[in-house]
Amino acid sequence: MSGRIRLLSGVKLLQSTVASSKIVAPRADRWSTLSGFAGYQQSTERSTTRPAAIVALGSLAAYAYYTNSTTALAEANSTVAPTLEPAATPPPVDVYLRPAILKGLPREVILYQYEVCPFCCKVKAFLDYHKIPYRTVEVSPLSKKELKWSEHRKVPVAVLDDDILQDSSLIISRLAAEIEAGQSSQQAQQQPQASSSGSKSWMPWSKKGSESAAQPETQVPDSSVGTTFREEEAYWRQWVDARLVKVITVNIYGTAKEAFQTFDYISATGKFNWFEAESARVAGAVMMWGISNKLKKKYGIEGNLREELYLCGDQWVEALGDRDFLGGNQPNLADLAVFGVVKSVTGTDTFMDLMHRTQIGQWYERMMAQVGDSSRVGAN
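Bear in mind that the values here come from a model prediction, so they are computed numbers and not experimental data. (Residues numbered from 1 in each chain as written. Predicted model: local features only at pLDDT ≥ 70, side-chain atom pairs only at ≥ 80, totals over all residues. Heavy atoms only, no water.)

### What about the overall build of the chain?
Just so we agree on the cut-off: Every helix listed is a DSSP run of H or I at least four residues long, and every strand listed is a run of E at least two residues long, numbered separately from the N terminus. Note on contacts: a residue pair is in contact if any heavy atoms of the two residues lie within 4.5 Å. Here the open area of atoms and residues is found with the Shrake-Rupley method and a 1.4 Å probe, where only the protein chains shown may cover a residue.
The helix and strand inventory of the chain stands at 15 helices and 5 strands. Long-range contacts, defined as pairs at least 24 residues apart, comprise 71% of the intrachain contacts of the chain with a sequence gap of at least 6. Summing over all exposed atoms, the chain offers an accessible surface of approximately 21,300 Å²; the carbon and sulfur share of this is 57%.

So this is what it looks like as structure tokens:
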């Protein structure tokens, strides 16, 4: 109901109230007898009720005019309780930067995962390479009952002591920063900076306040003047999440055969009973195969899926140049991310075609040797 309607309703109510009221102003000498009071009442009702009503209605009319005028409305608006400014939205976290606030390497790492999830395999590749012991909890892709305690419903979810992190790149950046923070500051200070001529520009510490360790400049050739080692690493880590994972996903679900190849892992885990495992395997494979075309549109992948896959392999090999790894003599976070994603589809036609139709195989073999055996200490 608008303010004008409420005001008019109030005026009408007051009119009826005044009309039915008996406004009397007796003098003291007329209270001596009941008859005198009654006579006074009769004589004064006509003379006092109407003037009082007129005054009241006149006042209301003036008030109504005032409150509905432009000036009054402006004044009313200026006296309304002040509007609270919305709370400032915290800036988004850049998951590809090492955090500046650290807590030390966790004593215990628990990874909630799907065994062949590309994002989960990225985290496992990092943990295996750095020989960080960890336990895994296999999550049912149908019920996700293993995550009922958490607000996060997507894997991977990592429990680092008392901290809970969700997002593979965020998990890796946090752990990488903890490892690098453990290196001696003297070693970091001894790394050569880029020359003023710009011929060498790989400066790992260039990210303001977030990088605490460095790698020798000689590990990485100057393939992009003005680009730092960490900037190149971050670029390709983003490429893994934004492109490589999506291209591999639409390839492994592009045919019913490969979709079932991908979900065969559920039976191999041995965690779920036969009915639960078969239900998840069949339902997952059929569902993902069924929505593969929608995924292509969602991810903006057009044309032949295999050609897009080979293009990704060629792009990565071109980025390596004459280096053994993108990190130079040793893998960096981008190497580990690509390796984990590719390893997640081992045994599928997609994996075999990628190895045989591109030059990525040699780099992959070097990565296998560098990462070595898994550091997983338990699985549930």
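### Re the pairing of strand S4 (residues 163-166)
Heads up, the rule is: For every residue, the accessible area obtained with a 1.4 Å probe (protein chains only) is divided by the maximum for its type, and the residue is called buried under 20%, exposed over 50%, and partly exposed between those limits. A pair of strands is treated as paired once DSSP finds two or more bridges between them.
Residues of S4 alternate between two faces, with Asp163 and Leu165 buried on one and Ile164 and Gln166 left unburied on the opposite face. Both strand S3 (residues 157-160) and S4 contribute to a ladder of 4 bridges, which runs antiparallel. Across the sheet, residue Val159 finds its bridge partner in S4, namely Ile164. As consecutive antiparallel partners, S3 and S4 are separated by 2 residues, and within that stretch Asp161 has a phi angle of approximately 55 degrees, a positive value.

### A short note on the environment of Thr346
Rules: Pairs of N or O atoms within 3.5 Å make up the polar contacts considered here, provided that, within protein, one atom can donate a hydrogen while the other can accept it, and that residues adjacent in sequence are counted only when both atoms are side-chain atoms.
Positionally, Thr346 belongs in the loop between helix H13 (333-343) and helix H14 (349-357). Of the residues examined, Thr346 reaches a relative accessible area of 47% and is grouped as partly exposed. Sequence separation between Thr346 and Val116 is 230 residues, and the spatial gap between their C-alpha atoms is 8.9 Å. Thr346 has contacts with Phe351 and Tyr364, leaving out every residue within four places of it along the chain. A polar atom in the side chain of Thr346 sits 2.6 Å from the backbone oxygen of Lys343.

### Observations concerning the packing of helix H7 (residues 229-252) against helix H12 (residues 305-320)
We count it as follows: Here an axis means a line fitted to C-alpha atoms, over the contact stretch when the element is a helix, while the angle between two N-to-C directions is reported on a 0 to 180 degree scale. Here roughly perpendicular refers to angles of 65 to 115 degrees, roughly parallel to angles under 35, roughly antiparallel to angles over 145, and oblique to all remaining angles. Take the far helix as the reference: if the near one is turned anticlockwise from it by less than a right angle, the crossing is left-handed, and if turned clockwise, right-handed.
Direction vectors running N to C along H7 and H12 enclose 160 degrees, while the axes themselves pass 9 Å from each other. By the angle between their directions, the pair H7 and H12 is classed as roughly antiparallel. Seen along the crossing, H7 lies across H12 with a hand that is left-handed. For the pair H7 and H12, the contacting residues are Glu232, Trp236, Trp239, Arg243, Leu244, Val247, Ile248, Val250 and Asn251 in the first and Leu305, Arg306, Glu308, Leu309, Cys312, Gln315, Trp316 and Ala319 in the second.

### Digging into unusual backbone geometry
Following Val155, the chain continues to Pro156 via a peptide bond in cis, the omega torsion being 5 degrees. Residues other than glycine seldom take positive phi values, yet Lys144 does so here, at roughly 50 degrees. In this fold, Lys144 is placed in the loop between strand S2 (134-138) and S3. Judged by its relative accessible area of 22%, Lys144 falls in the partly exposed class.

### Section: H7
Put simply, the test is: A helix's residues, less one, multiplied by 1.5 Å, set its expected span. Fitting axes to the seven residues that end at a residue and to the seven that start at it, the angle between those axes gives the bend at that residue.
Across its 24 residues, H7 extends 32 Å between first and last C-alpha, which sits within 8% of the 34 Å expected from 1.5 Å per residue. The largest bend in H7 comes to about 40 degrees, at Val240.

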